[in-house]
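# Structural overview
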Amino acid sequence: MFSQLPEPTLDPILSLSVAFKNDPRTEKVDLGIGVYRNSEGQTPIMKAVAQAQTIVTSEQTTKAYVGLAGCEEFNQSIAKVVFGETPVYDRLAVIQTPGASGALRMLGDLMAVAQPGTTVWLSNPSYVNHKPVMEAAGLQVKYYRYFDTDTKQVNRDAMFADLRNAGPKDVVLLHGCCHNPTGADIALEDWQLITEMSVAQGFTPFVDIAYQGFGDGLESDAYGLRYMAERVEEMLLTTSCSKNFGLYRERTGAAVLIAKNAAEAANARGKMLTLARSTYTMPPDHGAALVKTILADNHLTQVWKTELAEMQQRLVSLREGLCKQLNTVHSSDKFDFIIGHKGMFTVLGFTAEQMQKLRDDFGIYGVNDGRINIAGLSESQLPYVANALITVSQ
Ligand code: LMR
């Protein structure tokens, strides 16, 4: 059986972490996988999470199963983080999933059974795992133009021109904020226009909001999707606690859908539970127990929001710091677009060969599609990285 298997291809992001670990150079810089690091280069346990952990371990009396949908209080409170006061709760279904990748696959599987022949439209480029997950669920994938490689901004005209071809059996995947990989986000007016197009053309929006809180802030990052959620009949959404709660390894996320009415939402939720049973049965509990504990406590919620806002601000100042180095030391403004990008990532516009050169010559690890993780930089590395960018770009 196994002799029929082709050689496996390496994951373009996860393989970088292994290569980075094995690199003996002390000056190496990991700008690959989307993980936040502080100025000491560590990914800390957030303060509210550490406190919640003490509460959870001291109060937990059993390790018995929680249930197919995971923790209900988690599901309700994470929906509140995403939708705030938006009136969608009477037609919403939320289930806890193993991370946001688990949520993507869950909704992919759901689409495949609910509407065989669904095509999912992804931005070009999109998060490298979107296509494999959607295809593994048996769906067709198409791309809409998104990023202008010259301006390093969203090419709105091209995006809208392509989306005009999306119809009732199509699903359009949008990044809620902090576009992965480019860092170039659509504006509120774009959300409004895509909402109108969805209503007029019949396609279903699917929002991946894995980085809520890292762009302009927890609330602002959700304005676009909230506007949309109120106005469309159906919508799909995945969210993650990996980044904004720093719970990466705990695999905590949620699959969310808005249906036409409560009965259809309940039915779709039931189908998701059946799908969960036939794959992983139940999501792991610990991360959701921590998030639930934080969001049920006003003080802990405040501690969490304050630290998240500090992380968001630090990303802004790292972007500014990098550009300042490039402007003042190298007299170059060619990377000034980095300041306008949002969240953890920026696409530099480098080719795969240039990204390889960054790795080979400088030990700077970014993804071959040109993406670097700004959150992987520390202040002391900015001169080194700025110099490398200039050298490789020449
Ligand atoms: C990333 O894009 O680096 C993260 O979302 C991690 C992952 O699972 O790929």
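Here's what I pulled together on the structure shown here. The structure presented is a predicted model; accordingly, all values stated were derived computationally and were not measured.

A separate point is the packing of aromatic side chains. Enumeration according to the criterion identifies 8 aromatic pairs in this entry. For the ring pair Y211 and F345, a centre distance of 5.4 Å and an interplane angle of 75° mean the geometry is edge-to-face. On the criterion of sequence distance, the pair formed by Y211 in the loop between β8 (204-209) and α8 (223-231) and F345 in strand β11 (residues 345-347) is long-range, its members being 134 residues apart. We classify Y211 as buried; its relative accessible area is 7%. Classification of F345 as buried rests on a relative accessible area of 1%. For the pair F335 and F337, a centre-to-centre distance of 6.1 Å together with 50° between the ring planes defines the contact as tilted. This pair shows no difference in class: F335 is buried, exactly as F337 is. Feature note: the residues F335, F337 and F350 constitute an aromatic cluster, connected by ring pairs. Cation over ring: K152 sits above F337, and NZ or CZ is 5.1 Å from the ring centre. Just above the ring of F345 sits the side chain of R371; from NZ or CZ to the centre is 3.6 Å.

A grouping of M1, F2 and L5 is seen on the molecular surface, where their side chains present a nonpolar patch of about 440 Å² in accessible area. Here F2 shows up in the segment before α1 (14-22).

Calculation criteria
- Residues numbered from 1 in each chain as written.
- Predicted model: local features only at pLDDT ≥ 70, side-chain atom pairs only at ≥ 80, totals over all residues.
- Heavy atoms only, no water.
- Phe/Tyr/Trp six-rings, centres within 6.5 Å; stacked < 30°, edge-to-face > 60°.
- Helix = DSSP H or I, 4+ residues; strand = E, 2+ residues; numbered from the N terminus.
- Buried < 20%, exposed > 50% of the residue type's maximum accessible area, 1.4 Å probe, protein only.
- Lys NZ or Arg CZ within 6 Å of the ring centre and 35° of its normal.
- Patch = residues over 30% accessible without salt bridge, like charges linked within 9 Å, V, L, I, M, F, W, Y side chains within 5 Å.
- Areas by Shrake-Rupley, 256 points an atom, 1.4 Å probe, with all protein chains shown as cover.
- Salt bridge = Lys/Arg side-chain N within 4 Å of Asp/Glu carboxyl O.

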